[in-house]
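Spelled out from the first residue to the last, the chains are:
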Amino acid sequence: MPKLKTKSGAKKRFKLTGTGKIKRKHAFKSHILTKKETKQKRNLTQTGLVHKSDEKSVKKQLRLV
């Protein structure tokens, strides 16, 4: 049986932390930034964590489960 491949879109978007949580970036930071407040743009720069209800799906895409 061949090796399982990870979803290439998922491996570009998610990283695993040391404790096993999944790190992600925020959306809405790529273009049309003139109408967004500075505070909003600054907060979108920071990374977030994948919600607990979505972790199983993301781990399956990364072939961690």
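Residues numbered from 1 in each chain as written. Predicted model: local features only at pLDDT ≥ 70, side-chain atom pairs only at ≥ 80, totals over all residues. Heavy atoms only, no water.

Draft legend 1. How the structure looks around the nonpolar core. Counting 6 residues, the largest nonpolar core consists of Ala 10, Phe 14, Ile 22, Val 50, Val 58 and Leu 62. When near neighbours in sequence (up to four residues on either side) are disregarded, Phe 14 contacts Ile 22, Lys 23, Arg 24, Val 50, Val 58 and Leu 62. (Core = buried A, V, L, I, M, F, W, Y, C linked by side-chain atoms within 4.5 Å. Buried < 20%, exposed > 50% of the residue type's maximum accessible area, 1.4 Å probe, protein only. Contact = heavy atoms within 4.5 Å.)

Draft legend 2. View of the side chain of Glu 55. Tracing the sequence through the fold places Glu 55 in helix α3 (residues 52–61). This buried residue, Glu 55, is left without a salt bridge; Lys 59 holds the nearest opposite charge, at 4.4 Å. Setting aside anything within four residues of it in sequence, one finds Glu 55 in contact with Lys 21, Ile 22 and Val 50. (Helix = DSSP H or I, 4+ residues; strand = E, 2+ residues; numbered from the N terminus. Lys, Arg positive; Asp, Glu negative; His and termini not counted. Salt bridge = Lys/Arg side-chain N within 4 Å of Asp/Glu carboxyl O.)

Draft legend 3. View of a nonpolar patch on the surface. Together, Leu 16, Leu 64 and Val 65 line one region of the surface with nonpolar side chains, adding up to about 320 Å² of accessible area. Position of Leu 16 among the secondary structure elements: in strand β1 (residues 15–16). (Patch = residues over 30% accessible without salt bridge, like charges linked within 9 Å, V, L, I, M, F, W, Y side chains within 5 Å. Areas by Shrake-Rupley, 256 points an atom, 1.4 Å probe, with all protein chains shown as cover.)

Draft legend 4. Up close: the environment of Ser 30. Relative to the helices and strands, Ser 30 resides in the loop between β2 (22–25) and α2 (38–45). For Ser 30 and Val 65, which are 35 residues apart along the polypeptide, the C-alpha to C-alpha distance reads 31 Å.

Draft legend 5. Expanded view of the pairing of β2. With 2 bridges connecting them, β1 and β2 associate as antiparallel partners. Paired with Lys 15 across the bridge in β2 is Lys 23. Connecting the antiparallel pair β1 and β2 is a turn made up of 5 residues, with Gly 20 showing a positive phi of about 95°. (Pairing = 2+ DSSP bridges.)

Draft legend 6. Structural detail: the side chain of Lys 36. The topology assignment puts Lys 36 in the loop between β2 and α2. Buried charge Lys 36 goes without a salt bridge, the closest partner of opposite sign being Glu 37 at 12 Å. Within the structure, Lys 36 has its side chain in polar contact with the backbone oxygen of His 31 (distance 3.4 Å). Looking at Lys 36, its side chain comes within polar contact range of the main-chain oxygen of Ile 32, at 3.4 Å. Setting aside chain neighbours within four positions, we find Lys 36 in contact with Phe 28, His 31 and Lys 41. (Polar contact = N/O pair within 3.5 Å; in protein donor to acceptor, adjacent residues only side chain to side chain.)

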